[in-house]
Amino acid sequence: MRAAPLGALLALACWCAGAAAQLPAGPAQDVASIERGRALLANRHETGCVLCHVVPGFAAGGELGPSLAGVAQRGAAAQLRQRIADARQFNPHTIMPVYGNVSGLQSVAPAYQGQPVLSAQGLDDIVAYLMAVAR
Ligand code: HEC
């Protein structure tokens, strides 16, 4: 595992309890794309998902979080999206970074302030991949 990208990601997120969970409103602009979702999942610098999760369709995966195998069967797409957007809604103490929310974050580098790690489109694309492949 490479330390720098994960460290950068963790700096973006603050897992302090009680942060207001305001998710980005509005639909994504494009039809969700499994291919784009796969690319986002694979991107260790932008998302780091595979640093912490075993993800179906990827040879290598991390073990800080649960395997995402079967995640498509554990709930609806909307719930999956919420988990990825802001895992604090389900566990205020989670170590999973916040991807779709900017409230309650601390120590965000100036260049990244005010923008979530993933756009609404990016969230939809990742959910499309997981709903199709992680069964
Ligand atoms: C720093 C490690 C880390 C990173 C990076 C990370 N996660 Fe997680 N994730 C976790 C942990 C730990 C959990 C367990 C839930 C908790 O902490 O409450 C989790 C839970 C989840 C769950 C719920 C799993 C279930 O069984 O219901 C999903 C879905 C998920 N992560 C997707 C993602 C996606 C997609 C990305 C990248 C955009 C990502 N995670 C990045 C650590 C991480």
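Residues numbered from 1 in each chain as written. Predicted model: local features only at pLDDT ≥ 70, side-chain atom pairs only at ≥ 80, totals over all residues. Heavy atoms only, no water.

A. The packing of aromatic side chains, seen in detail. Evaluated as defined, the whole model comprises 1 aromatic pair. Here the aromatic rings of Phe-58 and Tyr-129 are separated by 6.0 Å at their centres, their planes lie at 55°, and the arrangement is tilted. Taken together, the positions of Phe-58 in the loop between helix H3 (49-52) and helix H4 (77-85) and Tyr-129 in helix H5 (residues 120-133) put the pair 71 residues apart, joining distant regions of the chain. Taken individually, Phe-58 and Tyr-129 each receive the classification buried, so the pair is uniform in this respect. Arg-38 extends its terminal NZ or CZ atom over the ring of Phe-58, reaching a point 4.2 Å from the ring centre. Arg-83 extends its terminal NZ or CZ atom over the ring of Phe-90, reaching a point 4.2 Å from the ring centre. (Phe/Tyr/Trp six-rings, centres within 6.5 Å; stacked < 30°, edge-to-face > 60°. Helix = DSSP H or I, 4+ residues; strand = E, 2+ residues; numbered from the N terminus. Buried < 20%, exposed > 50% of the residue type's maximum accessible area, 1.4 Å probe, protein only. Lys NZ or Arg CZ within 6 Å of the ring centre and 35° of its normal.)

B. Fine view of the site of the ligand. Close contacts around the ligand come from 23 residues, with Cys-49, Cys-52, His-53, Thr-94 and Met-96 the closest. A distance of 2.8 Å separates a nitrogen atom of the ligand from a polar side-chain atom of His-53. Here Arg-74 contributes a side-chain N or O atom positioned 2.8 Å from an oxygen atom of the ligand. Comparing atom positions with the cavity grids shows the ligand to sit within the largest pocket. Elements with a minimum of two residues in the shell around the ligand: H3 and H4. Here the shell around the ligand gets 3 residues from one element, more than from any other, and that element is H4. Grouping the amino acids of the shell around the ligand by side-chain chemistry returns 15 nonpolar, 6 polar and 2 charged. (Near = heavy atom within 4 Å. Polar contact = N/O pair within 3.5 Å; in protein donor to acceptor, adjacent residues only side chain to side chain. 1 Å grid on protein atoms, 1.4 Å probe; cavity = no way out; pocket = protein on both sides within 12 Å on 5 of 7 lines; lining within 4 Å. Sits in = over half its atoms within 2 Å of the grid points. Nonpolar A, V, L, I, M, F, W, Y, C, P; charged D, E, K, R; others polar.)

C. Focus on the layout of surface pockets. Space inside the largest pocket adds up to approximately 610 Å³. Along its surface, the largest pocket is lined by 31 residues, and His-53, Pro-66, Leu-68, Arg-83 and Met-96 are the ones closest to its centre. Secondary-structure elements contributing two or more residues to the lining of the largest pocket are helix H1 (3-12), H3, H4 and H5. Residue contributions to the lining of the largest pocket peak at 4 residues, all from H4. (Points joined across faces, edges and corners; volume = space filled by probe spheres on them.)

D. A look at the packing of H4 against H5. Here H4 crosses H5 at 125°, and the two axes come no closer than 10 Å. Taken as axis vectors, H4 and H5 run oblique relative to one another. Pair H4 / H5 crosses with right-handed handedness. In contact with Ala-77, Leu-80, Arg-81, Ile-84 and Ala-85 of H4, H5 contributes Ala-120, Leu-123, Asp-124, Ile-126, Val-127, Leu-130 and Met-131. Looking at the contact of H4 with H5, its residues break down into 10 nonpolar, no polar and 2 charged. (Axes fitted to C-alpha atoms, helices over the stretch in contact; angles between N-to-C directions. Parallel < 35°, antiparallel > 145°, perpendicular 65-115°, else oblique. Left-handed = near helix turned anticlockwise from the far one by under 90°. Contact = heavy atoms within 4.5 Å.)

E. Spatial organisation of the coordination of the iron atom of the ligand. His-53 (NE2) and Met-96 (SD) make up the full set of protein donors to the iron atom of the ligand, lying at 1.9 to 2.2 Å. Considering all 6 donor atoms around the iron atom of the ligand, the spread of angles at the metal, 85 to 178°, places the coordination shape in the octahedral class. A residue pair is termed long-range when its members are at least 10 positions apart, and His-53 in the loop between H3 and H4 and Met-96 in the loop between H4 and H5 qualify at 43 residues. The exposure class of His-53 is buried, given its relative accessible area of 11%. (Donors = N, O, S within 2.8 Å, 3.2 Å for Na, K, Ca; no water. Tetrahedral: all angles 85-135°; square planar, octahedral: opposite > 155°, others 65-115°.)

F. Region of the structure containing H4. Every buried residue of H4 is listed here: Leu-80, Arg-81, Ile-84 and Ala-85. Axial view of H4: buried residues confined to an arc of 135°, hence all on one face. Each element contacted by the buried residues of H4 is listed here: H5. (Arc of directions from axis to C-beta.)

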